[in-house]
Amino acid sequence: MKKRKIVQTIGFSLLYLSVFIAIFALSSILYFVIIKGAGVINWEFLTSMPKEGMTKGGIVPAILGTFYLATGAILFSLPLGIFAAIYLSEYAKQGRLVRIVRLGINNLSGVPSIVFGLFGLGIFVKFFGFGVSILSGALTLGILILPTIIRASEEALLAIPESFREASLALGATKWQTIKGVVLPNAIPGIMTGAILGVGRAAGETAPILFTATTFFCSRLPSSIFDEIQALPYHIYALMTEGTHSELQVPIAYGTTLVLISLVLLINLLAIIIRYKMRKGKKW
Amino acid sequence: MVNKDKITTENLNLWFGKNHVLKDINIGIEENKITAIIGPSGCGKSTFLRCLNRMNDLIDNTKITGKVSLGGENVYNNRMDVVTLRRRVGMVFQKPNPFPKSIFENVAYPLRIQGVRNGISERVRKALSAAALWNEVKDRLNISALSLSGGQQQRLCIARALVTEPEVILMDEPCSALDPIATAKIEELLFTLKEQYTICIVTHNMQQAARVSECAAFLLLGELIEFNNTNKIFTNPADKRTEDYITGRFG
C-alpha cells in the first residue's frame, strides 16, 4: 500500500518536472530575448535603413526582405500544395503508389533545411539563372514549406464528410464541380491554417536563403524580384558572425531577434485563432 | 390500366470484393407509382437502390453484372453518361445532408452546376413549394440550411432533388432520422409527388411501406424473395419468409 503510493508520487513528480522544464526552457528564451533586445526597439529601429556600417539605424530592409520572401514562398507553394492535396485525397486511387508519394512528402518535411538551401542554389540560382535573388529564395522556401501545406490541405479535405460529396454527386455534379462547389469551400479554413503556419516557418528559416537570396547589406531597398535582399534571420546571423563592432551590433542582433520571434509568434497565433473559429463554426 | 415500367433490372448481381451482395434481381419499377423496398438490415436494400443511379460506382472493388434499364436504356452501358443519369434519377439520403450553405443556395446548387442562369429563384420557389417547405422558409431563404430542424432539412433535400425535375426519385430510408410528425409530413408529400415522379423508397418501417407504396419488393440476404402489389404482399404473401418478416417473426 505504502510502496504503491510512493511510486505514484515519484511518477507524478517526474511528469510535473518534465512540464516545468519544458515551459522553463521556452519562457527563458522569450525572457532572454526580450531583456536583451527590447532596449533597442523603437520606432526608428523598425522604420529606417541601417546606418554607419550597420552599427546604428534600423532594420527596414530585413523586415521587408522577410516579408517578400515569405509572401513569395506562399504564393508559389499554396496553389501547388492545394492542387497536390486535391489530387492525392480526391482523385488518386488509394493504393501503393499514393502511399509512396505520401511517404515521400512526409520525408521531405524532415530534410535538413540547409539541403534545401543547396538545392535552391543549384536549381534556381545557377540552373535557371535567377541569381541570388528574392525569386530564388522565395522558390526555395516555397519548396521547404510545400509538405506542410500539402499535409494540412489533405487533412482539411479528409475532414469534409463523405455525405456532402455523395449529395453533390447524386445531384448530377461532376467530380470537379463537387470539389469546387462543396468540398473546397468547407476545407478552406483548414487549408488557411496550414498556409499560415507555413508562412511562419518560411519567415524564420535561415539556411534555405543563405545562398539563394540574402546579402549582408543592401544600400537601397530591392526594386525587382531579381534583387538580393536582407532578411531578419540572416541579418541576425550576419551581425553576430561578420560584424566588426560587436559592442554596437550585438544589441541590434537581439533587437532583430525580438522582432523576428514576435513576428513568428503572431503568425502562429493567427493560425490558432482561425482554427479555433473554424471548429466553433462547424456544425456538421 | 397497365402502367409502364420506368426502371427494370435483369439478372442484376453485385459484389463488393468477394461479398455477393445482390443476387439475380429482376424487378420492374412502374412509372408514377411508389415502390417500396423492404427487408431486414444488411439485405442489400440500399445497395440495390444505389445501383439505379450508379452511386455504387464510388465504392472500390465493386463488380456488377446484369442490366438496369431506365426507359429502355441500359444505365451500365458505356455510352451512358453517369452525370446525365443522376440528373434523371435523383436521390434523397437516409440522413438529411444539406450543404453548409443558405437554404436558397442548397436548392439552387443543382441548377448552378448545370449552368442555368435565368429563372433560378422561380424554380427554387417551385421546388420548395413542391417539397411543402416554402411557407416555412420563404422569409429566411438566406439563413444557413443547417439551422433548420431535421424534418425541414430532409424536405430541403427533397426540394434540392426536385429542382431539376428528374424522372425518378430514389429515397433511402428518408424518415429513419426523423420524428413521427416530420415522418407524416414526408409521407403526405410522397402522395403528391408521385403524380409527377416515379418513386422508389427503401424503408425498414413496415407500416410506412404499407401506408405509402403501391408495389413492394422484399429482399432477404441479397435475393428478391417477393415482388408484388403492396396490398398482396401485406395481406396474402406468397412466400413463407415474407410472411415471417412482415408479421415480425424476424428482422
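Residues numbered from 1 in each chain as written. Chains lettered and ligands numbered in written order. Predicted model: local features only at pLDDT ≥ 70, side-chain atom pairs only at ≥ 80, totals over all residues.

This part is about the overall build of chain B. Each helix and strand counted, chain B has 10 helices and 10 strands in total. On C-alpha atoms alone, chain B measures out to a radius of gyration of 18 Å, which is about the 18 Å that the 2.2 N^0.38 rule sets for 251 residues. Every one of the 251 residues in chain B was classed for burial, and the buried ones make up 45%. Partitioning the intrachain contacts of chain B with sequence separation of at least 6 by distance along the chain shows that 69% fall at a separation of at least 24. (Helix = DSSP H or I, 4+ residues; strand = E, 2+ residues; numbered from the N terminus. Rg over C-alpha atoms; globule rule 2.2 N^0.38 Å. Buried ≥ 20, exposed ≤ 12 C-beta atoms within 10 Å, placed from the backbone. Contact = placed C-beta atoms within 7 Å.)

Residues L69 and A202 of chain A together with A159 of chain B are the most contacted members of the largest nonpolar core, which totals 144 residues. With 14 residues, the single largest contributor to this core is helix 6 (residues 134-158) of chain A. A159 of chain B has contacts with V107, A127, L128, A130, A131 and L133 of chain B, leaving out every residue within four places of it along the chain. (Core = buried A, V, L, I, M, F, W, Y, C linked by C-beta atoms within 7 Å.)

This brings us to the pairing of strand 2 (residues 19-30) of chain B. All names here are of chain B. Pairing geometry for strand 1 (residues 5-16) and strand 2, over eight bridges, is antiparallel. The residue bridging F16 from the neighbouring strand is N19, located in strand 2. Between strand 1 and strand 2, which pair antiparallel one after the other, the connecting turn spans two residues, and G17 there sits at a positive phi close to 65°. (Pairing = 2+ DSSP bridges.)

Turning to the UniProt feature "transmembrane region" (unreviewed entry) in chain A, a few remarks are in order. Residues and elements named next belong to chain A. In the UniProt entry, the feature "transmembrane region" (unreviewed entry) is given for residues 12-39, 59-88, 100-121, 127-150, 183-203 and 252-274. Secondary structure across residues 100-121 divides into 82% helix and 0% strand, with the first and last C-alpha atoms of the span separated by 27 Å. Strand forms 0% of residues 183-203 and helix 100%; the C-alpha atoms that close the span are 30 Å apart. (UniProt positions renumbered as here; feature names shortened; annotations may be inferred.)

The positions that UniProt labels "domain: ABC transmembrane type-1" (unreviewed entry) are, in the present scheme, residues 63-271 of chain A. Helix makes up 78% of residues 63-271 of chain A and strand 0%, whereas the separation of the span's terminal C-alpha atoms amounts to 21 Å.

Looking now at the interface of chain A and chain B. Facing the 16 residues of chain A at the interface are 18 residues of chain B. Counting residues per element, the ones that place at least two in the side of chain A that touches chain B are helix 7 (162-170) and helix 8 (175-204) of chain A. Counting residues per element, the side of chain A that touches chain B draws most heavily on helix 7 of chain A, at six residues. Across the side of chain A that touches chain B, the residue classes break down as eight nonpolar, six polar and two charged. (Nonpolar A, V, L, I, M, F, W, Y, C, P; charged D, E, K, R; others polar.)

When the UniProt feature table is mapped to this numbering, "domain: ABC transporter" (unreviewed entry) covers residues 7-246 of chain B. Secondary structure content for residues 7-246 of chain B is 37% helix and 27% strand, and the end C-alpha separation is 25 Å.

Further remarks concern the domain arrangement of chain A. Considered domain by domain, chain A is made up of domain 1 (2-39) and domain 2 (41-281). A C-alpha centroid distance of 31 Å is found between domain 1 of chain A and domain 2 of chain A. (Domains from an automatic or database assignment.)

This part takes up the confidence of the model for chain B. Of all residues in chain B, 98% attain a pLDDT of 70 or more, and the chain-wide mean is 92. Model confidence for the complex is summarised by a pTM of 0.83, with the ipTM given as 0.91. (pLDDT = per-residue confidence, 0-100.)

A few words on the pairing of strand 1 of chain B. The sheet contact formed by strand 1 of chain B and strand 4 (residues 62-70) of chain B spans eight bridges and is antiparallel. Each bridged residue has a counterpart across the sheet, and for F16 of chain B the counterpart in strand 4 of chain B is T62 of chain B.

An α-helical turn contains 3.6 residues, so any two residues separated by three or four positions project in the same direction. All names here are of chain B. The terminal C-alpha atoms of helix 6 (residues 150-162), which comprises 13 residues, lie 18 Å apart, in line with the 18 Å expected from a rise of 1.5 Å per residue. Extensive coverage of helix 6 is indicated by the burial of 12 of its 13 residues. By the burial criterion, the buried members of helix 6 are G151, Q152, Q153, Q154, R155, L156, C157, I158, A159, R160, A161 and L162. Residues of helix 6 that are buried sit in contact with strand 6 (89-92), helix 3 (103-113), helix 4 (120-130), helix 5 (134-137), strand 7 (168-172) and helix 7 (180-193). (Expected span 1.5 Å × (residues − 1).)

On to the packing of helix 3 (residues 60-91) of chain A against helix 8 of chain A, then. Residues and elements named next belong to chain A. At their nearest, the axes of helix 3 and helix 8 sit 9 Å apart, and the two run at 140° to each other. Judged by the angle between their axes, helix 3 and helix 8 are oblique. At the point where helix 3 passes helix 8, the crossing takes the right-handed sense. Across from T66, L69, A70, A73, I74, S77, L78, I82, I86 and E90 in helix 3, the residues of helix 8 making contact are I179, I191, A195, G198, V199, A202 and A203. Here the contact of helix 3 with helix 8 is built from residues that sort into 13 nonpolar, three polar and one charged. (Axes fitted to C-alpha atoms, helices over the stretch in contact; angles between N-to-C directions. Parallel < 35°, antiparallel > 145°, perpendicular 65-115°, else oblique. Left-handed = near helix turned anticlockwise from the far one by under 90°.)

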